Amino acid sequence: CNLAKAAAATVAAMFSRRLITALTSGRPSTTPKMIAFLTTRNFCSIKESTGIAGLRVVENAREVLIGLYQKTLEDAEALPNSAGYKDYVTKLSKYRLSVCEKNSTVNEIEKEISTGEIEELIQEAEDELKVLEMMKEWKPWDGGHSWELPLKWKEFDSR
């Protein structure tokens, strides 16, 4: 990661005099602790852009996603067990929630779920909550709906 290399060079330049003094004089110094904190992993995990126009980086994306999946699972409980949609949304949300809880970094979550940026996952989860509300209202599992094909499709149906 280029950012990590630049950061390491900056840290070395800033603290080299203090570090040399601490090592040669035998006095304890906090400089090694500072350098340990500013590791490649810490710098590489900072996300500056999603690379997608109009999609901003979410600073606490993991926590947001966990909350959205928990809300989805909670809201899905209101659907009847016979609804196929409930089964689908519950399985997907449980799987993705487990991935978010198991992995501590955004990169690990994105890699394991492998459907894009975590911000896209957040958008999908928000959209799923909206669809869930619509499904509760429409109740397509009741069977009380008659779905007629528009006239133009009836032509193809009769062939």
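Rules used throughout
Residues numbered from 1 in each chain as written. Predicted model: local features only at pLDDT ≥ 70, side-chain atom pairs only at ≥ 80, totals over all residues. Heavy atoms only, no water. Helix = DSSP H or I, 4+ residues; strand = E, 2+ residues; numbered from the N terminus. Buried < 20%, exposed > 50% of the residue type's maximum accessible area, 1.4 Å probe, protein only. Polar contact = N/O pair within 3.5 Å; in protein donor to acceptor, adjacent residues only side chain to side chain. Contact = heavy atoms within 4.5 Å. Salt bridge = Lys/Arg side-chain N within 4 Å of Asp/Glu carboxyl O.

K.L.:
Give me the lowdown on the side chain of Glu-110, citing residues and values where you can.
P.N.:
One can find Glu-110 in helix H6 (residues 106-113). Classification of Glu-110 as buried rests on a relative accessible area of 14%. At 2.8 Å, the side chain of Glu-110 forms a polar contact with the backbone nitrogen of Ile-118. Aside from chain neighbours lying at most four places away, what touches Glu-110 is Lys-47, Thr-115, Gly-116, Glu-117, Ile-118 and Glu-119.

K.L.:
Could you give an account of the environment of Gly-51, with specific residues and numbers?
P.N.:
In this structure, Gly-51 sits in the loop between helix H3 (40-44) and helix H4 (61-76). The exposed category is assigned to Gly-51, whose relative accessible area is 69%.

K.L.:
Could you give an account of the pattern of salt bridges, naming the residues involved and the relevant values?
P.N.:
As enumerated under the stated definition, the model contains 10 salt bridges in all. Lys-91 is paired through a salt bridge with Asp-87; the nearest N and O atoms lie 3.4 Å apart. One end of the pair is Lys-91 and the other is Asp-87, both in helix H5 (residues 84-102) and 4 residues apart, which spans about a single turn. A residue is classified by how much of its surface remains accessible, and Lys-91, at 55% relative accessible area, is exposed. With a shortest N-O distance of 3.3 Å, Glu-133 and Lys-136 are connected by a salt bridge. With Glu-133 and Lys-136 both in helix H7 (residues 118-138), this residue pair falls 3 residues apart, about one helical turn.

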